[in-house]
Each structure stands twice: as structure tokens, then as C-alpha cells.
Amino acid sequence: MQSSLPSKLHAAIIMDGNGRWAAARGLPRKTGHEAGVKAIRRTVEAAPGLGVGTLTLYAFSCDNWARPKAEVEALMRLLRHYLSREVARLVRNGVRLTVIGRRDRLPGGLAAAIGRAEEETAAGRELHLRIAIDYSAREAILSAAARIAGPEDLTREGFSRLVTGDADLRAVDLLIRTSGEQRLSDFLLWESAYAELYFTDRLWPDFGADDLAAALGTFRRRERRFGGLPAPAAAA
Ligand code: FPP
């Protein structure tokens, strides 16, 4: 059984509410996404000090292609800028960046920028930051199923390796969604089998270190049983 107080936990965040944050100020949606990038910076910088070893952020889902072309383009531009301009800061902070999701549909230059950012940050040991771009958990599971090569892949550990592409990846401990919505939206379905769920009304652009600390405080007060019994009952 995993420890109930993991020292280096895996937190995942569905960053929601950029559009509403902008609308409340009479600003275009893309300004909300720009403010969302600042919230990412605050959150990434606070995470290691709060005991987070892996942080997975949902930036763009396979279903987000259905948004208006101008918004998709603005998001792709922001992603490209983040991946190129943020790298030096990530390296300075010991952050290793990897991207999950499909790369074959990304617009020109983005896949290459991802590859460069992954290479340049590969030595980071303070935090593993994973950004989900053109990501669908159901697609990740289907694609893993299509790659099953033998019985060793049909164990929980073996199949996890196929789904995540990472033999060392810890399952999600805490899954946060901002903006008051309470759904999973095709995010990390396999990895979140025993994740604690935390929903906050805070809109993503307003999210910061205090909100992450509050989520982790709630998480640490929860009893994680992984299908077992509470400690005294188990001992009886
Ligand atoms: C949800 O807000 C947010 C997104 C779909 C995208 C998240 C993207 C960013 C924070 C910026 C780009 C990311 C990186 C990694 C540089 P919404 O648009 O669904 O808001 P709404 O529900 O209020 O309309």
C-alpha cells in the first residue's frame, strides 16, 4: 500500500475558468489565457516547497480543437512562447518538463519546441512538470491497448507503463479542478484511479501558492485507504 503521507506527491490540475475571468473584466478570452500562464508560473514555483514532486497540468484537450479558430491559435501561440521563453527559468528552478498527448496535429514549430524544452530541462530534479497538450485519457488508454505485446503488458504496472510512457511515474495523488466545475473531462483517467479530488471555485488566473497549499492541506487531512480499511479496523 502507498504511504498515506507521500513526501513527493503527484498533483494534477484541470486549469479552468480563464474565459470567465476575462469576461468578468470585459476582456477577450485570450487575455484570460495569458493570465492563466502567470498562474502556471506561480503554481510551478510553489509546488516543490509544498511537497509536490510531479505536477501535471491540462493545457489543451483533444476536444479543445472544437473552439473557435482564433482561440485555438492564441492558445497554440501561448504554448509555443511558454515552451521557448520559460525554459531558462525552469532550468534555474530545477524543473524537468515533459509533454503528454499527441504531437502529430500540432501547428508548425510547436512539436519541435516541445522536443527542445524536454531536452534542455531533462536534468531538473526539483519538480517534474508534465503539460498535457492535445491530450485525451481515453486516447492514451486506447493507444496503450493497441501496443500490448505480451502478458507482461497486461499487469497494472505493465499497462501503466504503456499508458504513461514512464516506468517511474507515480499515480495521481491529488486532482484539482478550478472554477467550480466538477468533472474529469477525459484527464488522466487511468492514473487517477485513487486520486483524491479537490474542487475550488477559484478561477484559474487567480490561482496561486496559497490555493495550492489549501488543496494540499485538505489532501493531507483525508484518509487514503486504497480500498482497505481504516488503520484501527485493519488492526482489529
Ligand atoms: C480553461 O479555461 C483553460 C484552458 C482550456 C486552457 C488552459 C491554458 C492556459 C492556462 C494557458 C496556456 C497554457 C500553457 C501551458 C502555456 P476556459 O477557457 O475553459 O475558461 P471558461 O470555462 O471560463 O470559458
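First, a word on scope: everything that follows refers to the structure included in this document. Since the structure is predicted, the reported quantities are computational estimates derived from the model, not experimental observations.

Description of the pairing of strand β4 (residues 127-135)
Part 1: Across the 9 residues of β4, 9 count as buried, placing the element largely inside the fold.
Part 2: The pairing of strand β2 (residues 52-61) with β4 spans 7 bridges and is parallel. Following the sheet pairing, S61 is matched in β4 by Y135.

Side note on unusual backbone geometry
Part 1: One non-glycine residue, S185, lies in positive phi territory at about 50°.
Part 2: Turning to its location among the elements, S185 is positioned in the loop between β5 (174-177) and β6 (196-199).
Part 3: Judged by relative accessible area, S185 falls into the partly exposed class, the value being 32%.
Part 4: For L188, which is not a glycine, the phi torsion comes out positive at approximately 45°.

Looking at the site of the ligand
Part 1: Taken together, 19 residues lie around the ligand, and D16, G19, R20, R29 and R67 are the ones closest in.
Part 2: Within the backbone of G17, an N or O atom sits 3.4 Å from an oxygen atom of the ligand.
Part 3: In this structure, an oxygen atom belonging to the ligand sits 2.7 Å away from a main-chain N or O atom of R20.
Part 4: Protein contact buries 92% of the 630 Å² of open area that the ligand shows by itself.
Part 5: Contributions of two or more residues to the shell around the ligand are made by α1 (18-23), α2 (29-46) and α3 (69-85).
Part 6: Of all the elements, α2 adds the most residues to the shell around the ligand, at 5 residues.
Part 7: Its residues assigned to classes, the shell around the ligand comprises 10 nonpolar, 5 polar and 4 charged.

Remarks on the packing of α2 against α3
Part 1: One way to put it is that α2 packs onto α3 with a least axis distance of 10 Å and a crossing angle of 30°. The orientation of α2 with respect to α3, classified from their angle, is roughly parallel. Seen along the crossing, α2 lies across α3 with a hand that is right-handed. Contacts from R29, K30, H33, E34, V37, I40 and V44 of α2 reach α3 at E71, A74, L75, L78 and Y82.
Part 2: Considered class by class, the residues forming the contact of α2 with α3 number 7 nonpolar, 1 polar and 4 charged.

Conventions used here
Residues numbered from 1 in each chain as written. Predicted model: local features only at pLDDT ≥ 70, side-chain atom pairs only at ≥ 80, totals over all residues. Heavy atoms only, no water. Buried < 20%, exposed > 50% of the residue type's maximum accessible area, 1.4 Å probe, protein only. Helix = DSSP H or I, 4+ residues; strand = E, 2+ residues; numbered from the N terminus. Pairing = 2+ DSSP bridges. Near = heavy atom within 4 Å. Polar contact = N/O pair within 3.5 Å; in protein donor to acceptor, adjacent residues only side chain to side chain. Areas by Shrake-Rupley, 256 points an atom, 1.4 Å probe, with all protein chains shown as cover. Nonpolar A, V, L, I, M, F, W, Y, C, P; charged D, E, K, R; others polar. Axes fitted to C-alpha atoms, helices over the stretch in contact; angles between N-to-C directions. Parallel < 35°, antiparallel > 145°, perpendicular 65-115°, else oblique. Left-handed = near helix turned anticlockwise from the far one by under 90°. Contact = heavy atoms within 4.5 Å.

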